[in-house]
Amino acid sequence: MTVTDIARDSVASALEQGKVESHLHPSGSYDVADHTAPTGREEVWRFTPLKRLKGLASDAVFNASTTEITWNTPDGVRVETVVGEEARGLRGLSGYKPSTLFGARILADVPETLLVDVPDEAEVAEPVIVNLVGSDADNTEAGHVVLRFGKFSKAVVVLRHTGSAALAQVVEISVGDGAQISVVSLQDWADDATHLTQTEALVGRDASYKHTAISFGGDLVRMDANVRYAAPGGSAEMLGLYFADAGQHIEHRLFVDHNEPKTKSNAVYKGALQGKGAHTVWIGNVLIRKAAEGITTFEENRNLILTDGTLCESVPNLEIETGEIEGAGHASATARFDDEQLFYLRSRGISEKEAQRLVVHGFFNDLIRKIDVPAIEEQLVKTVEDELAKNVIGKNI
Amino acid sequence: MSILQITDLHVTVDTDDGTKQILKGVTLTIKDGETHAIMGPNGSGKSTLAYTIAGHPKYTVTGGTITLDGVDVLEMSVDERARAGLFLAMQYPVEIPGVSVANFLRTAKTAIDGEAPKLRTWVKDVNAALGAADLDPTFSQRSVNEGFSGGEKKRHEIAQLGLLNPKVAVLDETDSGLDIDALKVVSEGVNRFAANGDKAVLLITHYTRILRYIKPDFVHVFVNGRIAEQGGAELADQLEATGYDKYVKAAV
Ligand SMILES: Nc1ncnc2c1ncn2[C@@H]1O[C@H](COP(=O)(O)OP(=O)(O)O)[C@@H](O)[C@H]1O
Ligand SMILES: [Mg+2]
């Protein structure tokens, strides 16, 4: 795909943009009474169709869960639903202090926490796969998940969401010093699911944290994936892949808070849209605080529009409070199928549909390789295939 | 037996300043076993002719015909033309990020032959075709044309020519931008293809240099959307000495 970069900015031009009233560092509060339900006029809610959220962001009753949760437990890993004192002790483990009503409600009201606990120095080769299978699209419910990775541990955790649910969720991730961690959140919901989720990660000294968000299914999926650093030297790789069909709203917001020196972040999100009313939102917020000298950050969002009638928003946003930066930049591009690419492939005898399929696979391929979790890679490729079959290869074009 | 017949071809392209007539009546017959060279200055419409034969959507045929063995080529889609035996080595091969050369070649071969190539011999065939174009076997793991040097792109086109084995090869300035070693590799590839006997070659070039390695049976001087003169290989030698000036002036 030949893409036209609508924004490829250097530090200099980002600084030129001048100071905008920042929504990037609200103070947050654990007290539910300090929060109000969103109206849709707030900067952080303006793209989200609140009416389709089933009240998850406001006053929905958090019912008993009808989502079945199962997991494997590789040697040395503890996975358990904990309650009471232990559950309460885990609230805010990632330093998360809610700036939304639903976040505060989940921390205050949800009695249990799903805990994945990887001890210090544990090296877990096999991925921990947590399957969350929803069974009722109208049952509003909420979940609190904590992934705790000890110092110098190495592990991969996959949260795989399937089925139907209306789920509000907070996922807190604590990455110990020197740990090397990969977390994948797969939203492969049925068409009628609603998922409002907030992931908050705290990255330890010299630790490396990879977070991959993959969203295919659901009527509405909104994920906020945030990263902060507990100490200097940490690095975060934020990957995302989404595919919106007719009528779907898929929203990914990231916020990387470079609050410590010598930290790194790299974000790559790629999306494809097809069908009437397919709507995707990507907001990439990066804040480089005054103390965060010597950091590097780059973020990139690319979207491929497969049919007419879709709506794609892509907003990179870099706020810089120090001049002492190693490197910072962002790129955002949204493009249709490139006629020249299709012509080239077809001039070799490849049919139009097959050519489109190749181009889309190519578009996602390097990202799928970066995820580097063989256990889900094959399924991912197949899911992309299935998505394409719905439209591009199917008869709807 | 194959004959590509182009008769009184008129082609326009839509530009920002409206529709522009580029080809103004091109007539050309190319039979198997023949190599035709089309030579002309920049902007004379050579690529337009090549793209129109291949069916690029940007070009509109406003008059004339193209047939391959009597069958109307203009009625065919781009991929149907390729499957019918037409091949275009492009002046500017297109990058396809994330699609490996191996995957691309396999998909193309399967489409052209109507069946998947035999697993047992395919990898060997690919490596041989790449090797003949002076490309390393590791090349097949790279994305199509992405990050290729100018010469690698052209040699990759020639490797495809060898693998896909069409009836008619149109080569659009495959020689431009090549150093002498790469030019020899490309020429050998074209000669190997032509040596099959039942193949036709339409070699589009700006310079006479490549004609030291590929001997044309016919040379056509292309100016301002038309063939201005035709002759044998000797016409190329004459162009080498005099350039296109006289034809360009005559065409104005
Ligand atoms: N896609 C296009 N859009 C606009 N103008 C074009 C396009 N293709 C060709 N032209 C114009 O048509 C003329 C012939 O171009 P081309 O066929 O590329 O010539 P050549 O290959 O002989 O250099 C030129 O004036 C060129 O600018
Ligand atoms: Mg040209």
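J.: How would you summarise helix H6 (residues 180-194) of chain B if you had to cite specific residues and measurements?
T.: Residue and element names in this part refer to chain B. The end-to-end C-alpha distance of H6 is 21 Å, a good match for the 21 Å that 15 residues give at a rise of 1.5 Å each. The complete set of buried residues in H6 reads Ala182, Leu183, Val185, Val186, Ser187, Gly189, Val190 and Phe193. Its buried side turned inward, H6 meets helix H4 (119-132), helix H5 (150-164), strand S9 (168-172) and strand S10 (200-205). Between a side-chain oxygen at the N-terminus of H6 and the backbone nitrogen of Asp181 the separation is 3.2 Å; the capping residue is Asp179.

J.: Give a description of the environment of Val223 of chain B that names residues and reports values.
T.: All names here are of chain B. Within the fold, Val223 resides in strand S11 (residues 218-223). As for Val223 and Leu23, which are separated by 200 residues in sequence, their C-alpha atoms are 9.7 Å apart. Look past the residues within four positions of Val223 in its chain and what remains in contact with it is Pro41, Ser44, Ala228, Tyr247, Val248 and Ala251.

J.: Quick rundown of the packing of aromatic side chains? Include the residues and the values.
T.: Under the definition given, this model contains eight aromatic pairs over all chains. With 6.5 Å between their ring centres and 75 degrees between their planes, Trp45 of chain A and Phe102 of chain A make a pair best called edge-to-face. Residue Trp45 of chain A is located in the loop between helix H1 (11-16) and strand S2 (68-71), and its partner Phe102 of chain A is located in helix H3 (residues 101-109); the two are separated by 57 residues in the primary sequence. Across the pair, Phe102 of chain A and Trp45 of chain A agree in class, each one buried. Taking the centre distance of 5.7 Å and the plane angle of 65 degrees together, the rings of Phe343 of chain A and Tyr51 of chain B count as edge-to-face. One end of the pair, Phe343 of chain A, is in helix H4 (residues 339-346); the other, Tyr51 of chain B, is in helix H1 (residues 46-54), on a second chain. Directly above the ring of Phe363 of chain A sits Lys270 of chain A, whose terminal nitrogen or CZ lies 4.8 Å from the centroid. Over the aromatic face of Tyr344 of chain A sits the side chain of Arg348 of chain A, whose NZ or CZ is 4.9 Å from the ring centroid.

J.: An account of the environment of Asp109 of chain A is requested, with residue identities and associated values reported.
T.: Residues and elements named next belong to chain A. Positionally, Asp109 belongs in helix H3. Judged by relative accessible area, which is 46%, Asp109 ranks as partly exposed. A sequence separation of 223 residues divides Asp109 from Ser332, and the C-alpha atoms of the two residues are 39 Å apart.

J.: Can you explain the nonpolar core? Please cite residues and give values.
T.: Across soluble globular proteins, you tend to see nonpolar side chains buried next to one another. The biggest cluster of nonpolar side chains holds 112 residues, and the ones touching the most others in it are Ile214, Val360 and Phe364 of chain A together with Leu4, Ile6, Leu49 and Ile53 of chain B. Broken down by element, this core gets its largest block of residues, nine residues, from helix H5 (residues 352-371) of chain A. If sequence neighbours within four positions are ignored, Ile6 of chain B has contacts with Val26, Thr27, Leu28, Leu49, Ile53, Thr65 and Ile66 of chain B. Residues Val145, Val157, Val256 and Ile320 of chain A belong to the second largest nonpolar core, which totals 53 residues.

J.: Could you give me a rundown of the interface of chain B and chain A, with the residues and numbers involved?
T.: Every contact between the two is made by 35 residues of chain B and, on the other side, 20 residues of chain A. Buried surface at the junction of chain B and chain A, summed over both partners, amounts to about 2,000 Å²; 65% is from carbon and sulfur atoms. Going through the elements one at a time, H1, helix H2 (78-84), strand S6 (86-89), strand S7 (96-100), helix H3 (101-113) and H5 of chain B are the ones with two or more residues in the side of chain B that touches chain A. Among the elements that take part in the side of chain B that touches chain A, H3 of chain B stands out by supplying six residues, more than any other.

J.: Explain empty space enclosed by the protein to me, using residue names and the numbers behind them.
T.: Counted by the stated rule, this structure contains two cavities of 30 Å³ or more. As a volume, the largest cavity reaches approximately 60 Å³. Lining the largest cavity, in full, are Ser347 of chain A together with Ile53, Ala54, Val78, Arg81, Ala82, Leu86, Phe87, Leu88 and Val170 of chain B. Sorting the residues of the lining of the largest cavity by element identifies H1, H2 and S6 of chain B as the ones contributing at least two each. Taken together, the residues that form the lining of the largest cavity break down as eight nonpolar, one polar and one charged. Around the second largest cavity, the lining residues are Ser347 and Arg348 of chain A together with Ala82, Leu86, Phe87, Ile112, Leu164 and Pro166 of chain B. For the lining of the second largest cavity, the per-class residue count stands at six nonpolar, one polar and one charged.

J.: I'd love a proper account of unusual backbone geometry, names of residues and values included.
T.: Even without glycine at this site, Lys54 of chain A takes up a positive phi of about 55 degrees. On the secondary structure map, Lys54 of chain A appears in the loop between H1 and S2. On the basis of relative accessible area, Lys54 of chain A is assigned to the partly exposed category, the value being 31%. Its identity as a non-glycine residue notwithstanding, Glu173 of chain B has a phi of 50 degrees, on the positive side. With respect to the element layout, Glu173 of chain B can be found in the loop between S9 and H6. Classification of Glu173 of chain B as buried rests on a relative accessible area of 6%.

Rules used throughout
Residues numbered from 1 in each chain as written. Chains lettered and ligands numbered in written order. Predicted model: local features only at pLDDT ≥ 70, side-chain atom pairs only at ≥ 80, totals over all residues. Heavy atoms only, no water. Helix = DSSP H or I, 4+ residues; strand = E, 2+ residues; numbered from the N terminus. Expected span 1.5 Å × (residues − 1). Buried < 20%, exposed > 50% of the residue type's maximum accessible area, 1.4 Å probe, protein only. Contact = heavy atoms within 4.5 Å. Polar contact = N/O pair within 3.5 Å; in protein donor to acceptor, adjacent residues only side chain to side chain. Phe/Tyr/Trp six-rings, centres within 6.5 Å; stacked < 30°, edge-to-face > 60°. Lys NZ or Arg CZ within 6 Å of the ring centre and 35° of its normal. Core = buried A, V, L, I, M, F, W, Y, C linked by side-chain atoms within 4.5 Å. Buried area = accessible area lost by both parts, 1.4 Å probe. 1 Å grid on protein atoms, 1.4 Å probe; cavity = no way out; pocket = protein on both sides within 12 Å on 5 of 7 lines; lining within 4 Å. Points joined across faces, edges and corners; volume = space filled by probe spheres on them. Nonpolar A, V, L, I, M, F, W, Y, C, P; charged D, E, K, R; others polar.

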